[in-house]
Every structure is written in C-alpha cells, then in structure tokens.
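Results of the structural survey
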Amino acid sequence: MSDNLTSIERVEIVLRGGIPDRVPVNLHNFMMNARASGLSFPDYFQNGEAMAEGHIKAWREFGHDVILLENGTVALAEACGCQVEYLDDSAPVHIAPAIKSLDDVGKLIKPDPYKTHPLRENLKATRTVANEIGQRVYVMGRADQGPFSLASMLIGIENFLFAVVDTASQNKLEQLLDFCLDVVYTYALAQGEQGARMTSIGESLSGPDVCSPRVYKKYEWGYAKRLIEQLKANNLPLAYHICGNATRIVHDMTETGAAVLELDYKCDLPTIKQATQGKTTILGVIDPSGVLALGTPEDVRGKVREELDVLAPGGGLILGPGCALPATTPVENIHTLVETVHHYGRYLPDGTLIS
Amino acid sequence: MNEELSNLFNAILEGDMPSAQSAAQAALDAGLDPGLILSDGMIAAMKEVGRRFEDGDYFVPEMLISARAMQAGLILLKPHLQSGNVKSAGKVAIGTVKGDLHDIGKNLVALMLEGAGFEVIDLGTDAAPDVFVKAAQEGAQLIGMSALLTTTMNSMDMTIQSLKNAGLRDNVKIIVGGAPVTQEFAAKIGADGFAPDASRAVTLAQSLLEK
C-alpha cells in the first residue's frame, strides 16, 4: 500500500483540520526502545545518544509517523530536586519530594534544561533524532509533566492532594503552580529549539480518575491554557495528555486550545470524538497494556479497526497507544497496529474511510 | 442520631480534621459508648464517603481528607475501645507488590478498610512474596495486593504461588487492584477478587470474609 504524503505532511494536514491520505500513527514506545537497546534501563534513560539511537532504530523498523521523545514522567521532578529511582525494568519513578511543605516554595530553584540532568540528555536525544530523521518523521518532544503533576511531585502527592481541597492553601499552592508553569514552559521551548515540531505534557493526576472536575478547573485548566498560549506565541503546538477516563472533562481540555489531546482507552469514544471534532486532534486511544502488550495480533487488529470506525471519520485523529507502551510489548503487535492503520485508515477526500 | 455523633459524622464527611477531633472528644465526654462512636459516627461516615465516591461525587482528594479526619478521631477513641467490645471486621494485610513503589492507591484502600472497621497491617511498597506469606502466617485473613505497573503485575502471580507453596493459600482470601489490573487478570492468577477502586475494595473484602 503506497502512501501519497510524507509523515510530516500527513500530520500537519491533520493538525490543520484537513483530510490526509490516511490516519497517521504514533508510538509511545520509549520503554520498548530501552529494552531493545541491550543497555540497562538506568543507563539508557540517562543517555541522550542511546535514547536517540533507540528511537531511530524503532522508526526504521515500524515506520510510524510521529516519534514521541521522553524518558518517563520524572525528568523535571528530578531536575527540580526530587529523589527519583531508576528501575531495572521500567521507567524511573518518583521517590521523595523536593520540599516538605508549601511554605518552602521559595526554596525551589528553576533548572536550566541545557545544564541539568536528565533534561539535557532528553534534549540531546531530541536534537539527534531531529537532525538524523526529522525531515522524514514528525518529532514530538515531551515537556514532561505539566504544572499540576509536577507540583504534586515537588511537594509529595498526598500533601498536594490535601492542598487542592483545602481553601487555606490556595495562595501558596498557586505560587507553586506558577513556579511549575515557568519550569515546564522553559523546558518545552528548549525542545522546540532542539528540533521538536511539537511538545507535550502529561497531567494525569488532574483527571477525573483522581480529582474532581471542580479541582481540575480550579488548579489545572487555567495553567494548561496559559502554557498553551505562551507556546503558541512561539509557534510550538502542544499535545495535552490525561490518562484514564477523561470523558467528563474532554470539553474543558478542548477549550484549552491544545493542538492535540492525547487520550486513554478508558474514554467514551463517541463523546470524545464529538467534543473534539473540528476543534483539536485526538492522539490515542489504543489500550497500551491490555491490547498492545498483553493482547494477540488479532486483538490489536480488531481494536484498531473499531477505533478507526469511530474516531477517524472527518479527520482529527493520530492513532496509537493512549499512554506509554510497556517494555515487554510484542514487536509483532506493533507491526500489526501500523499495518492495520495503513490498510484500514485510508481516507476518501470527503473524510470517510475507504472500506 | 444524637448531636455528638451527627457532628462527628459530618466532620468526617467534610474532611474537617479539627472538627472531627473535637466531635470525637465531645462524644466521649458525653459518655457515649466508644463502640457506638466508632460504628455510628466513624464507620458510617466512611461508608457514606465510599458511596459518594462510587457515585462520582467524591474523588481521591475528598476521600483522603475524610480518611485523615477519621483517623484523627480514631486516635482519641482507641484508648477507650476495649478489646472484645468492638468486633473487628477482619484482619487484612495490604501492600504494593515487589518492584512497585507506588503507594497512593494502596494507602487509600488501607484507609478505607480501616474506616470500615478492619484491622489493617500495611506491608508498604516493594513487598516481596515472603512478606505476604509472613503476614498470612501471622493470621491475616485477607491479603490485598496493589500494582501500578504492568511490569510488576506478575509479582502478584508469584506471591500467590508462594502462598500456595507455603500451604497457606486456603487460609486467606486474596484481592488485587491497581491501574493495569483487570478482573480477567485477577481470575487468571487465581485471586479471589478484583476491585476497581478503594470503595469497592471495601465491599469486596466484606463479602469475601462473610463467606
């Protein structure tokens, strides 16, 4: 099956609200790349050259349209002084906060992404991938966690969740979120400078699987919107990720002005399609664990076709996993994902799929 | 419900820790039976918190502050609770399995179980199969295992095997949960049950220990 467009053209048409030749494919495969590298996970995730090589090798194998560059969810937290642990078989995890209470927000130091570990390694990976294959594949950076989730790690997740429902904490909490917004913005800009065409943030803690829509609106929505507007002024679009079932807030997420909403398989597909149609692009929403890591190729094929049928018509879709692929995801399932989109995700000019 | 108990119930429901403490103290000062304060003031309030969570009115932060308020009241009440006059709902050992350091979901389940009158032994995070086996040897009736990573889900399977090897599998009920865990996975590894959230974990624990 020949493609008429390059990956970059295809993605950019979708982002403009147009109809390309077929649905683009994204992989969220940084842990698979680590496993395939032959290095230990801790060494791999702290080495920009190795991460770039892993992404390039995977792209040569799978030919996906979008590369999403990251080394987990704690890079900014580590750079801001949190204790993290690099695990042997998965992405690094947050162990301890940078500050003990909201009274210590003034002690936080904003990291320079070009000088601070491990941000500089992620930037090196972005630069290398962009230099080597950035004219043929759409490179997306990850400005790590957004302000809400970063703030939760800086102060400790339980402390943070107490604070979001304690009105007495509001001023100090906003001070912390302002700091985090600045940190995320600076790191996001650096990714654009290093050749990423888009950046992205994860804000899963603010979603309805954890927090109420009221808390989301009070402490997340406005910060996400500000970040998106600031980046737009620098011609850098943003993909906005919330894990779990974000159906209840998908209208609000759309209203932030994000170029892309990276959504998870737990969302109600018709609802998210309707909420985003003509306004933004959905990235996702295949289940990375249940279907791609643990399912059979037949399961993958069935789920991809099912999601294409609901989400692809009229454009506005980049298909892929709605969250990170486990390291142990079978390569065969990824080939099946890509091939199924290539075969069944082709558009007619009116935006319907070629059946 | 009398006024002291009603104040305690409402303070826990609102997650107001200072009010929960003062209401618990006021109930004790009024001479109310400590067992009644626990059952009608605290456990009843946490049950309502769980109901609101299942209905989508409460979320994790609301649950956390309610559990914190309940615990603050319980600290005042505990010295007055004599063994024998309050029946424990059961002895539960709960932990995040080996390789996994996530604890917020596990902590929430532990708090909700405590709020429902269970005696809870917290095995912490990165808990190896042997740790669960030891808890079963020491009389835990129910084992709760949590995993947030797909890579650590297999530790649940290994833990159940270890309990079998130790000849303890039939002595305990086993429940599992966490973001990547499903009912199908629970059945596959031979757990007795799966719950998608902390509130339903309590209902599950109650139904398993009633059998």
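Residues numbered from 1 in each chain as written. Chains lettered and ligands numbered in written order. Predicted model: local features only at pLDDT ≥ 70, side-chain atom pairs only at ≥ 80, totals over all residues. Heavy atoms only, no water.

Once that is clear, we can look at the overall build of chain A. On a plain count of helices and strands, chain A comes out with 15 helices and 10 strands. For 355 residues, the compact-globule formula gives about 20 Å, and the C-alpha radius of gyration of chain A, at 19 Å, lands near that figure. Taking the principal axes of its C-alpha atoms as reference, chain A extends roughly 60 × 40 × 40 Å. A burial count over chain A gives 61% of its 355 residues as buried. In chain A, once contacts between residues fewer than 6 apart in sequence are set aside, the share between residues at least 24 apart is 73%. Carbon and sulfur atoms provide 48% of the accessible area of chain A, an area that totals close to 13100 Å². (Helix = DSSP H or I, 4+ residues; strand = E, 2+ residues; numbered from the N terminus. Rg over C-alpha atoms; globule rule 2.2 N^0.38 Å. Buried < 20%, exposed > 50% of the residue type's maximum accessible area, 1.4 Å probe, protein only. Contact = heavy atoms within 4.5 Å. Areas by Shrake-Rupley, 256 points an atom, 1.4 Å probe, with all protein chains shown as cover.)

Looking now at the sheet that holds strand E8 (residues 260-263) of chain A. Residues and elements named next belong to chain A. Taken in spatial order, the 5 strands of this open sheet run E6-E7-E8-E9-E10, and their pairing is parallel. For this open sheet the edge positions go to strand E6 (199-202) and strand E10 (317-321), each flanked by a neighbour on one side alone. Looking at each pair of strands side by side, their axes are set apart by 20° on average, direction ignored. Sheet analysis places strand E7 (residues 238-242) next to E8, joined by 4 bridges and oriented parallel. Residue pairing in the sheet places Tyr-240 in a bridge with Leu-261 of E8. Here helix H10 (residues 213-232) sits on the sheet in contact with E6 and E7, set at roughly 160° to E7. (Pairing = 2+ DSSP bridges. Axes fitted to C-alpha atoms, helices over the stretch in contact; angles between N-to-C directions.)

Residues and elements named next belong to chain B. One can find Asp-29 in helix H2 (residues 17-29). The class for Asp-29 is exposed, based on a relative accessible area of 61%. A sequence separation of 25 residues divides Asp-29 from Glu-4, and the C-alpha atoms of the two residues are 9.7 Å apart.

What follows covers the domain arrangement of chain B. Residue and element names in this part refer to chain B. For chain B, the assigned domains are domain 1 (3-80) and domain 2 (91-210). Facing the 14 residues of domain 1 at the interface are 12 residues of domain 2. Surface buried jointly by domain 1 and domain 2 totals about 1100 Å² across both partners, of which 73% is contributed by carbon and sulfur atoms. Contact with domain 2 buries area across many residues of domain 1, yet Ile-43, Glu-54 and Met-63 alone supply 38% of it, more than any other trio. At the boundary of domain 1 with domain 2, the tally comes to 0 salt bridges. Among the elements of the structure, helix H3 (34-54) and helix H4 (60-77) are those that each provide at least two residues to the side of domain 1 that touches domain 2. (Domains from an automatic or database assignment. Buried area = accessible area lost by both parts, 1.4 Å probe. Salt bridge = Lys/Arg side-chain N within 4 Å of Asp/Glu carboxyl O.)

Here we come to the interface of chain A and chain B. Facing the 23 residues of chain A at the interface are 17 residues of chain B. Taken together, the two surfaces of chain A and chain B that pack against each other cover about 1700 Å², and 70% of this comes from carbon and sulfur. Among the residues of chain A in contact with chain B, Glu-158, Phe-162 and Val-165 of chain A are the three that bury the most area, contributing 30% of the side total. At the junction of chain A and chain B, the tally comes to 0 salt bridges. Counting across the interface, chain A meets chain B through 3 residue pairs in polar contact (both at pLDDT 80 or more). Every element with two or more residues in the side of chain A that touches chain B is listed here: strand E4 (93-96), helix H8 (157-164) and H10 of chain A. The greatest single-element share of the side of chain A that touches chain B, amounting to 5 residues, is contributed by H8 of chain A. Residue composition of the side of chain A that touches chain B, by class: 13 nonpolar, 3 polar and 7 charged. (Polar contact = N/O pair within 3.5 Å; in protein donor to acceptor, adjacent residues only side chain to side chain. Nonpolar A, V, L, I, M, F, W, Y, C, P; charged D, E, K, R; others polar.)

Another aspect to go through is empty space enclosed by the protein. Residues and elements named next belong to chain A. According to the stated counting rule, one finds 1 cavity of 30 Å³ or more in the structure shown. Residue lining of the largest cavity: 13 residues in total, with Leu-69, Glu-70, Asn-71, Asn-122 and Tyr-187 positioned closest to the centre. When contributions to the lining of the largest cavity are tallied by element, the ones reaching two or more residues are helix H6 (119-133) and helix H9 (170-193). By residue number, the principal contributor to the lining of the largest cavity is H6, which donates 3 residues. Its residues assigned to classes, the lining of the largest cavity comprises 5 nonpolar, 5 polar and 3 charged. (1 Å grid on protein atoms, 1.4 Å probe; cavity = no way out; pocket = protein on both sides within 12 Å on 5 of 7 lines; lining within 4 Å. Points joined across faces, edges and corners; volume = space filled by probe spheres on them.)

Where H8 of chain A meets H4 of chain B, the axes come as close as 8 Å, and the angle between the chain directions of the two elements is 95°. The angle between H8 of chain A and H4 of chain B places the two elements in the roughly perpendicular class. Note on element contacts: H4 of chain B touches H8 of chain A through Val-60, Pro-61, Leu-64, Ile-65 and Arg-68 of chain B, opposite Leu-161, Phe-162 and Val-164 of chain A. For the contact of H8 of chain A with H4 of chain B, the per-class residue count stands at 7 nonpolar, no polar and 1 charged. (Parallel < 35°, antiparallel > 145°, perpendicular 65-115°, else oblique.)

Residue and element names in this part refer to chain A. Every second residue of E8 is oriented toward a common face, with Val-260 and Glu-262 on one face and Leu-261 and Leu-263 on the other, all of them buried. Strand direction decides the pairing type here: E8 and strand E9 (residues 281-286), joined by 3 bridges, are parallel. In the strand pairing of E9, Val-260 is matched with Thr-281. In this region the chain leaves E8, passes through helix H12 (residues 269-276) and returns to the parallel neighbour E9; the handedness of that crossover is right-handed. (Right-handed = clockwise from strand over helix to strand, strands pointing away.)

All names here are of chain B. Most of strand E1 (residues 91-96) sits out of view: 6 of its 6 residues are buried. What you see with E1 is no split at all: Lys-91, Ala-93 and Gly-95 on one side and Val-92, Ile-94 and Thr-96 on the other are buried throughout. Across 4 bridges, the pairing between E1 and strand E2 (residues 119-122) is parallel. Across the sheet, Lys-91 pairs through a bridge with Glu-119, a residue of E2. Note that the unit made of E1, helix H5 (residues 104-115) and E2 has a crossover that is right-handed. Strand direction decides the pairing type here: E1 and strand E3 (residues 142-146), joined by 5 bridges, are parallel. Paired with Gly-95 across the bridge in E3 is Met-145.

Before going further, it helps to examine helix H14 (residues 297-311) of chain A. All names here are of chain A. Across its 15 residues, H14 extends 21 Å between first and last C-alpha, which sits within 8% of the 21 Å expected from 1.5 Å per residue. Of the positions making up H14, those classed as buried are Val-300, Val-304, Glu-307, Leu-308 and Leu-311. Buried residues along H14 cover an arc of 105° about the axis, so they all sit on one side. Of the exposed residues in H14, those oriented more than 90 degrees away from the buried face are Glu-298 and Asp-309. Taken together, the buried residues of H14 touch H12, E9, helix H13 (288-293), E10 and helix H15 (331-344). (Expected span 1.5 Å × (residues − 1). Arc of directions from axis to C-beta.)

Looking now at the packing of aromatic side chains. Residues and elements named next belong to chain A. Applying the stated criterion to the full structure yields 4 aromatic pairs over all chains. Ring geometry for Phe-41 versus Phe-45: centroids 5.9 Å apart, planes at 80°, classification edge-to-face. Each ring, one from Phe-148 and one from Phe-160, has its centre 4.8 Å from the other, and the planes form 85°; the classification is edge-to-face. Of this pair, Phe-148 sits in helix H7 (residues 147-155) while Phe-160 is found in helix H8, placing the two residues 12 residues apart along the sequence. Taken together through their ring pairs, the aromatic side chains of Phe-30, Phe-41, Tyr-44 and Phe-45 make up a single cluster. Its end group placed over the ring of Trp-221, Lys-217 keeps NZ or CZ at 4.6 Å from the ring centre. (Phe/Tyr/Trp six-rings, centres within 6.5 Å; stacked < 30°, edge-to-face > 60°. Lys NZ or Arg CZ within 6 Å of the ring centre and 35° of its normal.)

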